[in-house]
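Residues per chain are reported as follows:
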Amino acid sequence: MSSTTADKKRIRLWAIFFWLAVWEMVAHLIGQEILLVSPVVVLRRFLELAAGIEFWKAAWFSFFRIAGGFLLALLSGILLAVASTVFPPMRELAKPLMVTIKSIPVASFVILLLIWIPSRNLSVVISFLMVWPIIYTNILQGIENTDKQLLEMAQVFQLSAYRRIRYIYLSEVVPFFRTACSVALGLCWKAGVAAEVIGIPEGSIGEKLYESKIYLETTDLFAWTIAIILLSVCFEKLFLWAADRLLERLTAG
Amino acid sequence: MDIYIENLSKKYVDKQVLKDITLWIKDKRITAIMAPSGRGKTTLLRIMAGMEQADSGSIRGMDGKKISMVFQEDRLCQGLSAAVNVGMVCSKETTREEILRELEVVGLKGSERQPVSSLSGGMRRRTALVRALMASWDILILDEPFQGLDEKNKRNMMDYVRKKSEGKTVILVTHDEAEARYMGSELIFLE
């Protein structure tokens with residue numbers, strides 16, 4: 001990526017402060033915390049919450065399940081994409097399943113799953129269902145787009161299956177893998193927490209959000225939302241960093 | 001063993017690319033196959049390397065032989081370094097130091113760990129040549145191997161290939177007769 005493109009993608013600090021100032025101003029104009037809380041109050045409440053053990057328990061509860069669902073989907077999505085490449089009927093078989101999962105609204109899944117499984121495990125399955133088709137589709141696309149000339153080169157040099165996977169497929173699939181993870185990581189948190197709000201598993205972030213709604217605690221709602229954003233961003237950065245390091249090691253000589 | 005190509009033909013849809021080609025390529029020599037563009041030189045090499053099937057005819061003397069090749073295109077993994085691109089075709093016994101030494105010989109010292117996408121066209125070409133020569137091979141196929149190199153590097157790489165392939169079978173396709181003669185090749189002109 002060129003530095004110009006990176007610059008264009010970067011969020012400027014002054015822009016963040018501008019929107020915080022707008023938020024503060026609008027909150028001040030409305031003057032009712034129940035409708036819109038000022039960012040300063042939200043930050044103060046967030047720090048209060050973060051000082052208590054309940055906050056970390058809820059954060060861990062949701063993180064463990066949503067990240068777990070993501071990792072399960074990642075692993076099975078990659079395996080299914082490889083299987084679909086090696087055994088084409090598998091691809092035909094998987095296609096209607098993936099289209100169906102992508103088309104069904106999260107709320108429908110949540111309600112259906114609440115009948116089948118305990119609400120505490122709901123976010124694992126929802127996170128899995130949101131991520132699985134994205135990973136599968138992108139990895140499959142990456143494998144299919146592998147440069148045919150490189151595959152011919154591998155054929156001429158009689159590279160082993162291990163070397164083909166390690167050096168050719170892996171380096172060709174990486175951009176697709178990164179894009180898929182980037183999209184899926186954001187989505188699994190949104191869908192996972194939404195599922196928790198509907199299923200209200202005890203001790204989850206979703207339950208806290210639900211309670212904020214019931215008791216009209218708008219400040220808590222904003223503070224928990226900040227917590228979700230931070231968890232989501234930290235997990236995304238950490239995961240992509242670890243994945244990049246792992247791929248670097250795998251493709252190094 | 002010499003290589004005998006007999007009555008080889010290949011047709012793509014409605015275009016006859018090779019028609020009844022018969023060639024004799026001597027063992028342990030450099031043989032240059034020359035012809036104007038579009039006469040099927042690359043197709044012939046692709047058939048010899050096992051990437052294509054001929055419609056008819058036969059090739060004898062290549063069975064069980066290990067082939068190495070420099071393609072018309074570099075065919076390098078762009079995100080990987082020159083050292084890794086070379087290393088992926090080498091035997092397990094080849095050490096990283098040996099690979100780095102060879103890259104240094106062709107003037108790639110300091111660039112061997114960079115992704116090849118960041119190297120110049122000439123550097124990528126030299127990497128492709130080192131890769132082909134460091135693989136384990138009995139027959140080396142070179143399809144316009146020195147294209148894209150400036151005169152100085154071209155001369156250096158020709159000397160390098162000659163030295164590394166001494167006493168081995170090399171099939172060179174080029175449209176440059178001077179290049180073929182410098183390599184000390186037997187010349188075959190495809191009619």
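Given the structure is predicted, the values throughout are model-derived calculations rather than measurements.

(A) Spatial organisation of the overall build of chain B. Along its length, chain B carries six helices and eight strands. Over its C-alpha atoms chain B spans a radius of gyration of 17 Å, differing by no more than 12% from the 16 Å that the globule rule assigns to 191 residues. Long-range pairs, those at least 24 residues apart, make up 70% of the contacts in chain B between residues at least 6 apart in sequence. When the accessible area of chain B is evaluated, it comes to approximately 8,900 Å², of which 46% is carbon and sulfur surface. For chain B, the centre of its 31 positive side-chain charges and the centre of its 28 negative side-chain charges are spaced 2 Å apart.

(B) Local environment of a nonpolar patch on the surface. All names here are of chain A. The grouping of Ile11, Leu13, Ile16, Phe17 and Leu20 at the surface amounts to a nonpolar patch, some 510 Å² of accessible area in total. Relative to the assigned elements, Leu20 resides in helix H2 (residues 13–30). Given the relative accessible area of 34%, Leu20 is considered partly exposed.

(C) Just the pattern of salt bridges, in detail. All names here are of chain B. Going through the model one piece at a time under the given rule, you end up with 21 salt bridges over all chains. Here Glu186 makes a salt bridge to Arg29, at a shortest N to O gap of 2.9 Å. Highlighted residues: Glu186 in strand E8 (residues 186–189) and Arg29 in the loop between strand E2 (15–25) and strand E3 (30–34), separated in sequence by 157 residues. Given a relative accessible area of 25%, Glu186 falls into the partly exposed group.

(D) Broad picture of the interface of chain A and chain B. Contact with chain A, which involves 15 residues of that partner, is made by 24 residues of chain B. Of the roughly 1,600 Å² buried where chain A meets chain B, counting both sides, 63% is carbon and sulfur surface. Considering only the surface of chain A that becomes buried against chain B, Val156(A), Phe157(A) and Arg163(A) emerge as the three largest contributors, covering 36% of it. Across the chain A-chain B interface, the total number found is two salt bridges. The shortest N-O distance in the salt bridge between Glu152(A) and Arg46(B) comes to 2.6 Å. Our count for the chain A to chain B interface comes out at six residue pairs in polar contact (both at pLDDT 80 or more). Contributing elements (two or more residues each) for the side of chain A that touches chain B: helix H8 (148–156) and helix H9 (161–199) of chain A. The element contributing the most residues to the side of chain A that touches chain B is H8(A), with six residues.

(E) Representation of the sheet that holds E3(B). Residues and elements named next belong to chain B. As summarised here, the arrangement of the five strands in space is E5-E6-E7-E3-E8, forming an open sheet in which the pairing is parallel. In this open sheet, the two strands that pair with only one neighbour each are strand E5 (67–70) and E8. Across the sheet, the axes of successive neighbouring strands diverge by a mean angle of 20°, strand direction being ignored. Where E3 and strand E7 (residues 169–173) come together, four bridges link them in parallel fashion. Its bridge partner lying in E7, Ala32 is registered against Leu172. Relative to strand E6 (residues 139–143), helix H1 (residues 41–48) is tilted by about 155°, and along the sheet it contacts E3, E5, E6 and E7.

(F) Expanded view of helix H5 (residues 151–164) of chain B. Residue and element names in this part refer to chain B. For H5, built from 14 residues, the straight-helix expectation of 20 Å at 1.5 Å per residue is met to within 8% by its first-to-last C-alpha distance of 20 Å. Burial in H5 covers these residues: Asn153, Lys154, Met157, Met158, Tyr160 and Val161. End-on view of H5: buried residues confined to an arc of 160°, all on one side of the axis. For H5, the exposed residues set more than 90 degrees away from the buried face come down to Glu151, Lys152 and Lys163. Where H5 is buried, its residues contact helix H3 (96–105), helix H4 (121–134), E6 and helix H6 (177–182).

(G) Expanded view of the domain arrangement of chain B. All names here are of chain B. Domain assignment breaks chain B into domain 1 (1–65 + 138–191) and domain 2 (70–135). A straight line from the C-alpha centre of domain 1 to that of domain 2 covers 22 Å. On the domain 2 side, the residues contacting the 18 residues of domain 1 number 14 residues. Contact between domain 1 and domain 2 buries roughly 1,400 Å² in total, counting both sides, with carbon and sulfur atoms accounting for 60%. At the surface where domain 1 touches domain 2, the tally comes to one salt bridge. Where Lys164 meets Glu102, a salt bridge forms, and the shortest distance between an N and an O atom there is 3.2 Å. The tally of links between domain 1 and domain 2 comes to eight residue pairs in polar contact (both at pLDDT 80 or more). Among the secondary structure elements, those contributing two or more residues to the side of domain 1 that touches domain 2 are H1, E6 and H5.

(H) Examining the packing of helix H7 (residues 122–144) of chain A against H9(A) more closely. Residues and elements named next belong to chain A. Two elements in contact, H7 and H9, have axes separated by 7 Å at closest approach and are oriented at 160°. Taken together, the axis directions place H7 and H9 in an arrangement best described as roughly antiparallel. As for the relative orientation of H7 and H9, their crossing is right-handed in sense. Across the contact of H7 with H9, the residue classes tally to 20 nonpolar, seven polar and one charged.

Cut-off values and rules
Residues numbered from 1 in each chain as written. Chains lettered and ligands numbered in written order. Predicted model: local features only at pLDDT ≥ 70, side-chain atom pairs only at ≥ 80, totals over all residues. Heavy atoms only, no water. Helix = DSSP H or I, 4+ residues; strand = E, 2+ residues; numbered from the N terminus. Rg over C-alpha atoms; globule rule 2.2 N^0.38 Å. Contact = heavy atoms within 4.5 Å. Areas by Shrake-Rupley, 256 points an atom, 1.4 Å probe, with all protein chains shown as cover. Lys, Arg positive; Asp, Glu negative; His and termini not counted. Charge placed at Lys NZ, Arg CZ, Asp CG, Glu CD. Patch = residues over 30% accessible without salt bridge, like charges linked within 9 Å, V, L, I, M, F, W, Y side chains within 5 Å. Salt bridge = Lys/Arg side-chain N within 4 Å of Asp/Glu carboxyl O. Buried < 20%, exposed > 50% of the residue type's maximum accessible area, 1.4 Å probe, protein only. Buried area = accessible area lost by both parts, 1.4 Å probe. Polar contact = N/O pair within 3.5 Å; in protein donor to acceptor, adjacent residues only side chain to side chain. Pairing = 2+ DSSP bridges. Axes fitted to C-alpha atoms, helices over the stretch in contact; angles between N-to-C directions. Expected span 1.5 Å × (residues − 1). Arc of directions from axis to C-beta. Domains from an automatic or database assignment. Parallel < 35°, antiparallel > 145°, perpendicular 65-115°, else oblique. Left-handed = near helix turned anticlockwise from the far one by under 90°. Nonpolar A, V, L, I, M, F, W, Y, C, P; charged D, E, K, R; others polar.

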